[in-house]
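# An overview of the molecular structure
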Amino acid sequence: MARYAEKHYWDERYTYDPEPFDWFQRYSTCGAFRDAVRECVKKSDQVLLVGAGTSRLAEEMYADGFSNLFNLDISRVACKLLDERYERAGGLPIDNRVGDAQALSFNDGSFDAIIDKGTLDALLCADPAAGHAMLAEISRVLRSSGGCFVHVTDCPPDKRLPLLQNARLRWKLHRHVALPRPLLVHHLPVAKAAAGDGDGADAASHHMYVLKRTAALH
Ligand SMILES: C[S@@+](CC[C@H](N)C(=O)[O-])C[C@H]1O[C@@H](n2cnc3c(N)ncnc32)[C@H](O)[C@@H]1O
């Protein structure tokens, strides 16, 4: 559904449903996702959560000891909801910024790690070029040697790896893990459509790809 790449769609959706919602998997309940993040990301690392929406990922990582977390989303409504939530929780020191994943307003190499759950999928619904632009920006703002990109989707490797393993992105696949889908998946038809590959979405598993930035082209 091309609307998943539209800011207005997400503003309307978050206005209609302001409750916290996590696509695919939650950090607090998916051990494999949590373990991969703990393995690749240091607690003091600068971490960008791209297309954060109303996800609880940042709060749950903060509770786990990560201290430099930045949420970014194109939806002003989502960012305001996160600001209000963090304020109610006593003023969590997590930065929420309105911005476009295809044109990030950060300097090269600003982040040690970037995590995406569902945002690349949303952009791919509209246009493959939008997905390519987002990946190029993620590669640019990742630390140039060893920076880590964690991507969670329901798109299986045969469909997603050709996109991720583009030499221009200057990263290498470190790990792929198939994550069992939670028993209760809300918004399933929406999540399937947002996989961005039509019926290429995997009905049985979610997929986590961990990529590590390399200094040189490979
Ligand atoms: C499928 S939701 C995933 C939300 C969250 N990451 C999660 O795991 O629950 C996609 C998110 O991407 C955001 N988004 C869509 N296009 C974007 C863009 N160009 N730049 C930044 N965020 C975008 C939407 O507002 C929405 O919050």
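Residues numbered from 1 in each chain as written. Predicted model: local features only at pLDDT ≥ 70, side-chain atom pairs only at ≥ 80, totals over all residues. Heavy atoms only, no water.

## A closer look at the packing of aromatic side chains
Going by this rule: Between rings of Phe, Tyr and Trp, where Trp is taken as its six-membered ring, a pair exists when centres lie within 6.5 Å; planes separated by under 30 degrees are stacked, by over 60 edge-to-face, and by other angles tilted. We call a residue buried when its accessible area falls under 20% of the maximum for its residue type, exposed when it is over 50%, and partly exposed in between, using a 1.4 Å probe and counting protein chains only. Charge-over-ring contacts are defined here by two conditions on Lys NZ or Arg CZ: a distance within 6 Å of the ring centre and an angle within 35 degrees of the ring normal.
Under the definition given, this model contains 11 aromatic pairs. Here tyrosine 27 and phenylalanine 33 contribute two aromatic rings whose centre-to-centre distance is 6.1 Å and whose plane-to-plane angle is 80°, an arrangement assigned as edge-to-face. Grouping residues by exposure puts tyrosine 27 and phenylalanine 33 together as buried. Through a chain of ring-to-ring contacts, three or more aromatic side chains come together here, namely Tyr4, Tyr9, Trp10, Tyr14, Phe21, Trp23 and Phe24. The ring centre of phenylalanine 66 lies 5.3 Å from the NZ or CZ of lysine 43, which sits over that ring.

## So, the UniProt feature "domain: Methyltransferase type" (unreviewed entry) in the protein chain
Formally: UniProt positions are given in the numbering used here, feature names are shortened, and annotations may be inferred rather than shown by experiment. Going along the chain from the N terminus, every DSSP run of H or I of four or more residues is numbered as a helix, and every run of E of two or more is numbered as a strand.
Residues annotated in UniProt with the feature "domain: Methyltransferase type" (unreviewed entry) correspond here to residues 49–149. The distance separating the terminal C-alpha atoms of residues 49–149 is 10 Å; by composition the span is 42% helix and 19% strand.

## Some thoughts on the site of the ligand
As a reminder, the rule being used: Any residue with at least one heavy atom within 4 Å of a molecule or strand is counted as near it. Here a polar contact is recorded for every N or O atom pair within 3.5 Å, except that within protein the pair must consist of a potential hydrogen donor and a potential acceptor, and residues adjacent in sequence are included only if both atoms are side-chain atoms. In these tables, accessible area is a Shrake-Rupley quantity obtained with a 1.4 Å probe, and a residue counts as shielded only by the protein chains included in the view. Residues were grouped as follows: Ala, Val, Leu, Ile, Met, Phe, Trp, Tyr, Cys and Pro as nonpolar; Asp, Glu, Lys and Arg as charged; and all remaining residues, including Gly, as polar.
Contacts to the ligand come from 20 residues, most closely from Tyr14, Gly51, Asp73, Ala101 and Lys117. Between the ligand and glycine 51 there is a distance of 2.7 Å, counted from a nitrogen atom to a backbone nitrogen or oxygen. One nitrogen or oxygen atom from the side chain of lysine 117 is found 2.7 Å from an oxygen atom belonging to the ligand. For the ligand, whose unbound accessible area comes to 600 Å², protein coverage reaches 98%. Of all elements in the fold, only helix 1 (7–16) and helix 5 (119–126) reach the threshold of two or more residues within the shell around the ligand. Across the shell around the ligand, the residue classes break down as 9 nonpolar, 7 polar and 4 charged.

## Considerations on the nonpolar core
The line we're drawing: Take the buried residues of types Ala, Val, Leu, Ile, Met, Phe, Trp, Tyr and Cys, join any two whose side-chain atoms come within 4.5 Å, and each joined set is a nonpolar core. Pairs of residues are marked as contacts when any of their non-hydrogen atoms sit within 4.5 Å.
Core analysis: the largest hydrophobic core is formed by 38 residues, its most contacted members being Phe33, Val37, Val47, Met61, Ile115 and Met208. Excluding residues that lie within four positions of it along the chain, valine 47 makes contacts with Val41, Met61, Asn68, Leu69, Phe70, Phe111, Ala113 and Ile115.

## With respect to the state of the cysteines
Convention followed: Put simply, a disulfide is two cysteine sulfurs that come within 2.5 Å.
In total, this model carries 0 disulfides according to the counting rule given. Cysteine 155 forms no disulfide, and the closest cysteine sulfur to it belongs to cysteine 125, at a distance of 11 Å. For cysteine 155, a relative accessible area of 0% corresponds to the buried category.

## A look at the pairing of strand 1 (residues 46–50)
Note the threshold: Two strands are said to pair when DSSP picks up at least two bridges between them. We call a crossover right-handed when, viewed with the strands running away from us, the connection from the first strand over the helix to the second turns clockwise.
The buried fraction of strand 1 is high, at 4 of 5 residues. Judged from the 5 bridges that link them, strand 1 and strand 2 (residues 68–73) form a sheet pairing that is parallel. Within the sheet, the bridge partner assigned to leucine 49 lies in strand 2 and is asparagine 71. In the classification by handedness, the crossover that spans strand 1, the intervening helix 3 (residues 57–63) and the parallel strand 2 is right-handed. Alignment of strand 1 against strand 4 (residues 113–117), held across 3 bridges, turns out to be parallel. Note that in strand 4 the partner of leucine 48 across the bridge is isoleucine 114.

## Overview of unusual backbone geometry
A positive phi angle, close to 65°, is found at phenylalanine 24, a residue other than glycine. If you trace the backbone, phenylalanine 24 turns up in the loop between helix 1 and helix 2 (31–40). The exposure class of phenylalanine 24 is buried, given its relative accessible area of 9%. Its identity is not glycine, yet arginine 170 carries a phi of approximately 55°, on the positive side. Tracing the chain through its elements places arginine 170 in the loop between helix 7 (157–164) and strand 6 (171–180).

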